[in-house]
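# What the coordinates show
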Amino acid sequence: MSAVLSSLTRRNRLTIVAVAALALYALFFASSYDQRILTLAGIYVIMVLGYQFIFGHAGALSLAQGAFFGVGAYVTGILASQYGTGFLLTFPLSIAGASMLALIVAVPVLRLASHYFALATLALSQLLLLIAVNWVSVTGGANGLPGVPPITIGDWQATRGTSLLLFVWGIAVAAMLVARWQLNPLRVAVFTVMRDAPLAVPAFGIDPGLLRLRAFVLSAAFGGAAGALFVHTNRVVSPETLGFGIMITCLTMTVVGGRFGILGAVIGALLLTHLPEWFRGLDEYYLVAVGVLLLAMVVFAPDGLASFFKQRRIPASPPGHAATGIEENATSVKTGVRVLEISNLSKRYGGIQALDRVDLSINAGEIVGLIGPNGAGKTTLANIITGIARADSGSIGSAGFDLTTATPTAIARRGIARTFQTPQLPDGLTVHEAVATAAANIGNTANKASSISARATTAIATCGLTRIADARCGTLPHGLRRRVEIARALAGAPHILVLDEPAAGLAPPEQAEIAEILRTLAASGLAVLVIDHNIEFLRPLATRLACLDAGRLIADGPLDEVLADDTVQNAYFGLVQQ
Amino acid sequence: MSAALQIDKLTVRHGAVVAVTDASLIAAPGAITCLVGVNGAGKSSLLRAVVGLASSEGNISLGAQDISRMSTEARIRAGLAYVPEGRRVFPGLTVGENLLVSGPSNARARRQRLDDALDLFPHLKPRIHDRAWQLSGGQQQMLAIGRALMARPDVYLLDEPTLGLAPQIIDDVAASLRQLSASGAAILVAEQNAGFAERIADETILIRTGRISNP
Amino acid sequence: MLGAQLALNAVALGAAYALVAIGFVLVLNATTAVNFAHGESVVAGGFAAVALAMLVPAGSAIPGIILLPGVLVLTALLGLAIAALAYLPIRNRPPVSVFVTTIAFGIIVTNGLNAAFGAAPRTAPALLGTGTIEFLGVTASRQSLAIIATAALLIGALAFVLQRTQLGRQFRACAQDPEMARALGIRLTRITLLAFALGTAFAGAAGLLLAHQFFVTPSDGAGLILKAYIAVVIGGWGSLRGAALGAMLIAFFEVGVASVSSQPLAEGLLYVAVLLVLLVRPDGIFGEPQRLRA
């Protein structure tokens, strides 16, 4: 026993002691009123765990968590009180009802920018509240529906007190396990990238829409479950369950406890359900105090109380086994084969012809430099190739697939990876975590955690970053951030790599390191498109040079020929040398 | 009389990235000082730090006054003027409003300075009631310089004033900078166009990967 | 002339909503943050009127218009408090933070009013007496006309300040490019405080205008912020003129639907409509589509 205890970390020991103490209190010392409060806390734990998906991990302020809670409540309330349906049916139906609603409204709502998202979810909540109050024949109107039976499974009933308390917390523990399973470290990392560096997400084959949808539907499912348990506890369902008050309670619990993690949910729920008891003296001003608490938490402790208990997470060092996972696209393409074919591509932005009938092709193993003065359309071309922008006309094909209208995610999955002019890295993640998020999404079967980790390790090694694999991205100097971006692009095993000004802002030695990495990659069969206007960087690197000017491709050929070309000289060097 | 801008051991960091290291320089009254370097050398960061938009270590003084601890607003009021890269005129304000907005609080003095600015940039006169976004790049650059002029600063900081401009317009910019300098102001220009710097600078300072190398 | 009377009611309601929406946009433009306590500010204005009317001895007959300056001052102070406590300390954090702090501020206001005044609906005095005026064969309610006149006066004064004064120029400059405004020596914090004071005072005035006919309850805030929000979405994010237009549209929609069916249905349909609008035009009806180019 003591051996087991000593093998645990200090935090785990503390947790065990706290849980045991709480359980002892709840089961043997708490009055039936106290038990009721604890039951309520358990219900809110489930709701907050759900809310953490969308508000914490997806980073979107949803004001519909109360609505999902209410839908769960009404599904159970109506079926159980009016039709006598049993718990084993009503409980799943409550979860399904809330999830279905989330799926339906997700279509218009989820792609909205942050403030519109909050608005739309608030509108949904108000709409449901109106329906509950006014559709008297079904919902019982403002008074609601009494006569909801206790939870009954076979002959067993959880009426009040200990049995209901245990049942609710049992479901809460199940909810914790589901949350844990859904939020494996890798997915947490992917969510972090989505919040911190949203541009990078689709470019690495992750569909941010699907990710947010998953978070939203999960939050709804948890909310529905909590609502169902709530009406079994109160034995009546009323519009109160749909009111803004529940939403505010949930938001406050999440902010006070913490937006991430089980501990945060438990602390927030326990604290906020007990505060009214501890502050009885405040009477009706109690809710004012809740507002003050919420405000103060956001200003002074934005990560919630749980963050005070957390040790700094030390990321597991990447497992050292060999790169067994890399058997995908990269090595299967032979040098010299055409891998990207752009023809007759045009794009207008307002009055500006950003690209004008551009033709460009790239072969495997080739490093093509794309130069041009500021505003010539270089980044526009990169954006269109990677699907961030869409061409007005023309086509892009790769390895027999037409990618002209494909989404960024689909394009990334076809093996086209990119880096950004300004590195899009999540500051809070380690290099290995940041690279692994891209390794996880190449859409093949080898998506076991170990092979993902191995792919990331290999990509990091290729870029000479092994030594700093555990450093946080936010702490790295500019030159290394660029290399991390390249490593991340490689982790998806691409066969085309598009780099947007990889050398900008780097010292000559750093530029040389980047060039060396790119040469190695090309030698292994990767096609590389480098956008830059630094000729000194491209001269020893590029096997071919293409020059854009005012949206038109004015030259394309061997480096020396292009540099000697008069049109290129005029367009590109004219301004500088006049 | 105008005061000099003196920068002493200035270091600018963006998170973990060091953009400028230990930079020291003086921009003297009545002279145009050019800070020349490639894209990403740290020119913009240095200017932004001087005006207080980026945090920095080291000393910045304007004449006898240490301005390193002041807010951006206070530094401007102390006599700095900043013309950023990309001009950043207020697109929805008219040309006249763009000029007036940085003028003094006395309405009559403000009008007087507006007339002065329009004398210096006569091209802006016929467009005074147009919105700033309707102007060409060159006209916007004139407007941005004119807007800085409205506050009668001792020191002008200009970030890439020729970027994306046609050669003729660049001549106009050069002429107006010379005129400002002749009136006694200190002018510090960040520039990657070496040709332009050579043409207008009384003094040229090279900056490479965040360090100033005096020739 | 039932139609004309309905239209007049709608314009009056729209004028009050326009004050709310314009106040919302003032803060939005100065901070790019959404002030979620804005609905509660309307409620606070209504209760300020109720409280001020109680202070006047034998206050049964005083015209509400006399209370307007007091309501404006009190709610402007409220706006300063929102800025100082819920915005300035976290101005550099992600926008969601301001959302949450202003929600918290709204909770404080709602429940403070609830504790002080109770949850029952209250009513403020009519602006210039009740009753109707006969005009060109149309019977118009005095209150509706007074609402329209008051709102027009306030909006006109704001338009004058914004368009014609140095302060207004500085305000608009801050809205378009706050960093550049600072780099021209404009004191951004002062402008921000001013925006909160003015914007909240506009909401407060609307509270006074609405609280006679529609009563005021501490929990009205959520519905009001939603309407301001919808007006701004309809009118184009950040546009003052658009916000006023959007507010009018909402009022006509509400009054129109309510005249043939019921108030809850009108409100419900409004929410359905906004969800549909967002489905078709995720950037709002008149909103500029975002450009991705860099």
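Predicted, not measured: the structure shown is a model, and the values here were computed from it. (Residues numbered from 1 in each chain as written. Chains lettered and ligands numbered in written order. Predicted model: local features only at pLDDT ≥ 70, side-chain atom pairs only at ≥ 80, totals over all residues.)

Attention now goes to the overall build of chain C. Summing up its helical and strand segments, chain C has eleven helices and two strands in all. Its helices and strands taken in sequence order, chain C reads α-α-α-α-β-β-α-α-α-α-α-α-α from the N to the C terminus. Scaling as 2.2 N^0.38, a compact globule of 294 residues should have a C-alpha radius of gyration of about 19 Å, and chain C matches this with 19 Å. Across its three principal directions, the C-alpha atoms of chain C cover 60 × 45 × 40 Å. In chain C, buried positions account for 54% of the 294 residues. At a minimum sequence separation of 6, the contacts of chain C that also span at least 24 residues come to 74%. (Helix = DSSP H or I, 4+ residues; strand = E, 2+ residues; numbered from the N terminus. Rg over C-alpha atoms; globule rule 2.2 N^0.38 Å. Buried ≥ 20, exposed ≤ 12 C-beta atoms within 10 Å, placed from the backbone. Contact = placed C-beta atoms within 7 Å.)

Attention now moves to the sheet that holds strand β7 (residues 155-159) of chain B. All names here are of chain B. With respect to topology, six strands assemble into an open sheet ordered β6-β7-β8-β3-β9-β10, the strand pairing being mixed. Single-partner strands in this sheet number two, and they are β6 (80-83) and β10 (211-213). Direction aside, neighbouring strands of the sheet carry axes that sit 20° apart on average. In this structure, strand β3 (residues 32-36) lies alongside strand β8 (residues 186-191), joined through five bridges in parallel fashion. Along β8, the bridge assignment pairs Cys 34 with Val 189. Against the sheet, helix α1 (residues 43-51) makes contact with β3, β6, β7, β8 and β9 (203-208), and its axis sits at roughly 145° relative to β7, the strand it touches most. Contacts between helix α5 (residues 137-149) and the sheet are confined to β6 and β7, with β6 contributing the most and set at about 170° to the helix. (Pairing = 2+ DSSP bridges. Axes fitted to C-alpha atoms, helices over the stretch in contact; angles between N-to-C directions.)

What follows covers the interface of chain B and chain C. Facing the 20 residues of chain B at the interface are 15 residues of chain C. Contributions of two or more residues to the side of chain B that touches chain C are made by α2 (72-78) and α3 (95-100) of chain B. Looking at the side of chain B that touches chain C element by element, the count peaks at four residues for α2(B). For the side of chain B that touches chain C, the class distribution of residues is eleven nonpolar, four polar and five charged. (Nonpolar A, V, L, I, M, F, W, Y, C, P; charged D, E, K, R; others polar.)

Residue and element names in this part refer to chain A. Here chain A is described as being made up of domain 1 (39-253), domain 2 (337-415 + 496-510 + 526-578) and domain 3 (422-493). Distance from the C-alpha centre of domain 2 to the C-alpha centre of domain 3: 25 Å. Contacts between the two partners involve seven residues from domain 2 and, on the opposite side, seven residues from domain 3. Among the residues making up the side of domain 2 that touches domain 3, the classes are represented as four nonpolar, one polar and two charged. (Domains from an automatic or database assignment.)

This part is about the confidence of the model for chain A. All names here are of chain A. Residues with a pLDDT of 70 or more make up 89% of chain A, whose mean pLDDT is 82. Confidence drops under pLDDT 50 across residues 311-333; counting only partners more than four residues distant or on other chains, this segment forms 47 contacts. Predicted confidence is poor over residues 574-578, with pLDDT under 50, and the contacts of this stretch with residues over four places away or in other chains come to six contacts. (pLDDT = per-residue confidence, 0-100.)

On to the nonpolar core, then. Grouped together as the largest cluster of nonpolar side chains are 371 residues, with contacts concentrated most on A:Val435, B:Leu157, C:Ala16 and C:Ala21. Aside from chain neighbours lying at most four places away, what touches C:Ala16 is C:Ile147, C:Ala151, C:Ala206, C:Leu209 and C:Leu210. (Core = buried A, V, L, I, M, F, W, Y, C linked by C-beta atoms within 7 Å.)

Attention now moves to the interface of chain C and chain A. Accessible area lost upon the coming together of the parts serves often as the stated size of an interface. Contacts between chain C and chain A engage 39 residues on the former and 42 residues on the latter. At 15 residues, the largest contribution of residues to the side of chain C that touches chain A is made by helix α4 (residues 95-117) of chain C. Taken together, the residues of the side of chain C that touches chain A sort by class into 29 nonpolar, seven polar and three charged.

We now examine unusual backbone geometry. For B:Glu160, which is not a glycine, the phi torsion comes out positive at approximately 50°. Examined against the element boundaries, B:Glu160 turns out to sit in the loop between β7 and α6 (167-182). For B:Glu160, a count of 23 C-beta atoms within 10 Å puts it in the buried group. Even without being glycine, C:Phe215 reaches a positive phi, approximately 65°. Relative to the assigned elements, C:Phe215 resides in the loop between α8 (188-210) and α9 (221-235).

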